[in-house]
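Chain and residue survey
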Amino acid sequence: MTTPDPINAKAWSPSLYGTHGHFVHSKQHTSAIIELLDPQPTDRIFDLGCGDGKLTKRLVTDYNVRSVVGVDASAPMIEAAQVECKEQVESGRIIFEVLDGFDVETSKWVGEGFDKVFSNAALHWMKRDPVAVIRGAHKVLKSGGSFIAEFGGHGNIACVHAALIAALKRRNVPNAENLMLFFPTTNHYAKLLDPYFTPTHLEIIPRPTLLPTDLNGWLSSFATHFLEAVPESDRENVRSEVIEECQPVLCDDEGRWWLDYVRIRVIAIKK
Ligand SMILES: C[S@@+](CC[C@H](N)C(=O)[O-])C[C@H]1O[C@@H](n2cnc3c(N)ncnc32)[C@H](O)[C@@H]1O
């Protein structure tokens, strides 16, 4: 019997993401990775972990790429993306599909010869087997195609993670630190890429990020797998402890929460 993966992408909710997480695909926070993507009108792009489709849509409407296939493991996110991009879906410029990142390597998209695989803020969720995800990207690309991604890098949101892990350890949750997502160093990720891709750009960028709501809202959207490790009756206590511990460090004098986001950005060329 396989152990269920606590990092369950199927749990992603478009409404919580829309309220607490929309900064993820804001122009401010995606301009750097879009610049690295360097979208071209001839590009056929595979958007891995496309979420609610807002960023996928911009690739077509703002950058006029030829077409995009957006995949995500969460059916509700893909439904939201279909609605968001109704016009582009109807015209055939965008196709959305529920597909787990771990299954791309055996999907119908293998051999399709995409020009670019793109991924924003999603690869850190694909922790169980990051190499399977890299193999998937490799297999859907054309020869010499590029893999362009931004996701959480080493040290990402360290303060909140330390408080969450400590709260779970106080409750004797075993291996609480394993609930952290995949936040590699550049060295670590370069080693994983090596058999399949040649990195031409690999950097770690600290990016303090102002939350649109507060830490409680962020926990609801991004930390459910930590909260679900304790009985439901204790989850409010965990939230309160984490908020109390992080407040002096992450909340400014105007009551606004800044999280210590750290990003890893990569461009890698298919070998
Ligand atoms: C923070 S959202 C980012 C969405 C989008 N790329 C954006 O920039 O707005 C992360 C997305 O990764 C998806 N995800 C998490 N694990 C996944 C997996 N194993 N396979 C595919 N998608 C996954 C989630 O469902 C969610 O939509």
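Scroll up for the structure.
Throughout what follows, the structure given in this document is the object of discussion. Remember, predicted model here, so these are calculated numbers, not experimental data.

Another point: the overall build of the protein chain. Looking only at helices and strands, the protein chain has 11 helices and seven strands in total. Here the C-alpha radius of gyration of the protein chain, 18 Å, is about what a compact globule of 271 residues would show, namely 18 Å. Seen through its principal axes, the protein chain has C-alpha atoms that stretch 50 × 35 × 35 Å. Accessible surface for the protein chain amounts to roughly 12200 Å². Of this, 52% is attributable to carbon and sulfur atoms.

Spatially, seven strands are ordered β3-β2-β1-β4-β5-β7-β6 in an open sheet, and the strand pairing comes out mixed. Strands at the two margins of the open sheet, each flanked by one partner only, are β3 (94-98) and β6 (197-210). Each strand axis lies, on average, 15° off the axis of its neighbour in the sheet, ignoring direction. Inspection of the sheet shows β6 paired to strand β7 (residues 258-270) by 13 bridges, in the antiparallel sense. For Glu203, the partnering residue across the bridge sits in β7 and is Arg265. The strands that helix α4 (residues 75-84) touches are β2 (67-72) and β3; relative to β3, the one it contacts most, it runs at about 160°.

Before going further, it helps to examine the environment of Asp129. Position of Asp129 among the secondary structure elements: in the loop between β4 (114-120) and α6 (130-140). Here the alpha-carbon distance between Asp129 and Glu84, two residues 45 residues apart in the chain, equals 30 Å.

Next up on the list: the site of the ligand. Near the ligand you find 21 residues, and of these Tyr17, Gly49, Asp72, Gly101 and Asn120 are the closest. Contact distances for the ligand include 3.0 Å between a nitrogen atom and a side-chain N or O atom of Asp100. In the environment of the ligand, a nitrogen atom lies 2.8 Å from a nitrogen or oxygen atom belonging to the backbone of Asn120. For the ligand, whose free accessible area comes to 590 Å², the fraction covered by protein is 98%.

By size, the foremost hydrophobic cluster in this structure holds 38 residues, and its most contacted members are Val160, Leu215, Trp218, Val242, Cys246 and Leu259. When contributions to this core are tallied by element, the ones reaching two or more residues are α7 (158-170), α9 (215-222), α10 (224-227), α11 (232-250) and β7. Setting aside residues no more than four positions away along its own chain, Leu259 makes contact with Ile157, Val160, Arg207, Pro208, Thr209, Leu211, Leu215, Trp218 and Leu250. Core analysis: the next-biggest nonpolar cluster, separate from the first, contains 31 residues, Phe46, Ile134, Tyr196 and Val266 among them.

Here the focus is the pattern of salt bridges. Under the defined criterion, the tally for this structure stands at 24 salt bridges. With a closest N to O distance of 3.0 Å, Lys86 and Glu90 form a salt bridge. Note that Lys86 and Glu90 are positioned in helix α5 (residues 86-90) at a spacing of four residues, about one turn of the helix. Here Lys86 matches Glu90 in class, with each residue exposed. A salt bridge links Glu236 to Arg239; its shortest N-O distance comes to 3.6 Å.

The next thing to look at is the pairing of β2. For β2, a buried count of six out of six residues is recorded, marking the element as mostly surrounded by other parts of the structure. By the bridge criterion, five bridges tie strand β1 (residues 44-48) to β2 in an arrangement that is parallel. Bridged to Asp47 within β2 is Gly70. Each parallel crossover has a hand, and for β1 linked through helix α3 (residues 54-61) to β2 it is right-handed. By the bridge criterion, five bridges tie β2 to β3 in an arrangement that is parallel. Within the sheet, the bridge partner assigned to Val69 lies in β3 and is Ile95.

This brings us to the state of the cysteines. A full pass over the atoms with the stated rule returns zero disulfides. Cys246 takes part in no disulfide bond, and the closest cysteine sulfur, belonging to Cys159, lies 3.8 Å away. When its relative accessible area of 1% is taken as the criterion, Cys246 is described as buried. With no disulfide of its own, Cys251 lies 10 Å from the sulfur of Cys246, the closest cysteine sulfur.

Scanning the entire structure with this criterion turns up seven aromatic pairs. Between the aromatic rings of Phe147 and Phe197, the centroid separation amounts to 5.3 Å while the plane-to-plane angle is 35°, which identifies the pairing as tilted. Here Phe197 lies in strand β6 and Phe147 lies in strand β5 (residues 141-152), a separation of 50 residues in the sequence. Residue class for Phe147 comes out buried when judged on its relative accessible area of 0%. What makes Phe197 buried here is its relative accessible area of 0%. In textbook terms, an aromatic cluster arises when at least three aromatic residues are bridged by ring pairs, as seen for Phe46, Trp109 and Phe114. Over the ring of Phe114 we find Arg44; its NZ or CZ atom is 4.9 Å from the centre of that ring. We note Arg128 situated over the ring of Phe102; from NZ or CZ to the ring centre the distance is 4.0 Å.

Rules of the game
Residues numbered from 1 in each chain as written. Predicted model: local features only at pLDDT ≥ 70, side-chain atom pairs only at ≥ 80, totals over all residues. Heavy atoms only, no water. Helix = DSSP H or I, 4+ residues; strand = E, 2+ residues; numbered from the N terminus. Rg over C-alpha atoms; globule rule 2.2 N^0.38 Å. Areas by Shrake-Rupley, 256 points an atom, 1.4 Å probe, with all protein chains shown as cover. Pairing = 2+ DSSP bridges. Axes fitted to C-alpha atoms, helices over the stretch in contact; angles between N-to-C directions. Contact = heavy atoms within 4.5 Å. Near = heavy atom within 4 Å. Polar contact = N/O pair within 3.5 Å; in protein donor to acceptor, adjacent residues only side chain to side chain. Core = buried A, V, L, I, M, F, W, Y, C linked by side-chain atoms within 4.5 Å. Buried < 20%, exposed > 50% of the residue type's maximum accessible area, 1.4 Å probe, protein only. Salt bridge = Lys/Arg side-chain N within 4 Å of Asp/Glu carboxyl O. Right-handed = clockwise from strand over helix to strand, strands pointing away. Disulfide = S-S within 2.5 Å. Phe/Tyr/Trp six-rings, centres within 6.5 Å; stacked < 30°, edge-to-face > 60°. Lys NZ or Arg CZ within 6 Å of the ring centre and 35° of its normal.

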